[in-house]
Amino acid sequence: MSSLLHAFTILAVSAGVVFFIAGTVGLVRFPDVPTRLHALTKADNVGLGLVVLGLLPYTGGLLGGLKLVSVWLLTLLSGAIVTQLIARAVR
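**Looking at the overall build of the chain**
Moving on, step 1. Across its full length, the chain carries three helices and zero strands.
Moving on, step 2. Along the chain, helices (α) and strands (β) appear in the sequence α-α-α when read from the amino end.
Moving on, step 3. Its C-alpha atoms give the chain a radius of gyration of 15 Å, clearly above 12 Å, the size a compact globule of 91 residues would have.
Moving on, step 4. Dimensions of the chain, computed from the C-alpha atoms along their principal axes, are close to 50 × 25 × 10 Å.
Moving on, step 5. A buried classification covers 18% of the 91 residues belonging to the chain.
Moving on, step 6. In the chain, the proportion of contacts linking residues at least 24 apart, taken out of those at least 6 apart, comes to 64%.
Moving on, step 7. As displayed, the chain has an accessible area near 6300 Å², and 76% of this comes from carbon and sulfur atoms.

**Regarding the packing of helix 2 (residues 33–55) against helix 3 (residues 62–90)**
Moving on, step 1. The N-to-C vectors of helix 2 and helix 3 enclose an angle of 175°; their axes lie 10 Å apart at closest approach. Comparing the axis directions of helix 2 and helix 3 gives the class roughly antiparallel. Side by side, helix 2 and helix 3 meet where V33, L37, T41, N45, L48, G49, V52 and L55 of the first sit next to L68, V69, W72, T75, L76, G79, T83, I86, A87 and V90 of the second.
Moving on, step 2. Tallied by class, the residues present in the contact of helix 2 with helix 3 amount to 12 nonpolar, six polar and no charged.

**So, the environment of L73**
Moving on, step 1. As for its placement among the helices and strands, L73 is situated in helix 3.
Moving on, step 2. A sequence separation of 49 residues divides L73 from T24, and the C-alpha atoms of the two residues are 21 Å apart.

**Re the side chain of T9**
Moving on, step 1. Along the chain, T9 turns up in helix 1 (residues 2–29).
Moving on, step 2. Ignoring any residue separated from it by four or fewer positions in sequence, one finds T9 in contact with G54 and Y58.

**Notes on the packing of helix 1 against helix 2**
Moving on, step 1. Axis separation between helix 1 and helix 2 bottoms out at 8 Å; the angle between their running directions is 170°. Between helix 1 and helix 2, the angle falls in the class roughly antiparallel.

**Topic: helix 2**
An α-helical turn contains 3.6 residues, so a residue and the one three or four places further along point in the same direction.
Moving on, step 1. The end-to-end C-alpha distance of helix 2 is 32 Å, a good match for the 33 Å that 23 residues give at a rise of 1.5 Å each.
Moving on, step 2. The complete set of buried residues in helix 2 reads L37, A39, A43, G47, L48, G49, V51, V52 and G54.
Moving on, step 3. Against the buried residues of helix 2 lie helix 1 and helix 3.

What counts and what doesn't
Residues numbered from 1 in each chain as written. Predicted model: local features only at pLDDT ≥ 70, side-chain atom pairs only at ≥ 80, totals over all residues. Heavy atoms only, no water. Helix = DSSP H or I, 4+ residues; strand = E, 2+ residues; numbered from the N terminus. Rg over C-alpha atoms; globule rule 2.2 N^0.38 Å. Buried < 20%, exposed > 50% of the residue type's maximum accessible area, 1.4 Å probe, protein only. Contact = heavy atoms within 4.5 Å. Areas by Shrake-Rupley, 256 points an atom, 1.4 Å probe, with all protein chains shown as cover. Axes fitted to C-alpha atoms, helices over the stretch in contact; angles between N-to-C directions. Parallel < 35°, antiparallel > 145°, perpendicular 65-115°, else oblique. Nonpolar A, V, L, I, M, F, W, Y, C, P; charged D, E, K, R; others polar. Expected span 1.5 Å × (residues − 1).

Interpretation note: all reported values are geometric properties and have no functional meaning in isolation.
This is how it looks when you write it as structure tokens:
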């Protein structure tokens, strides 16, 4: 069971890293600010979600899992707010 859990963690965190890399490529390659923001925020939100999902089995309890999920939710919220502010400033 432990090796299956390790494999799940490696798979989820690796998929999260792939999403982070895809968001970075979108940030570099897209031509204007709104498309760059869209690529970066979507890929980073999914990437962080996958990393959190992969790390959840190793938190040691419910409180640790809630901390990880709350960090992810706060990142989602702050990313959406900052993206809106940047997009309004660029207009």
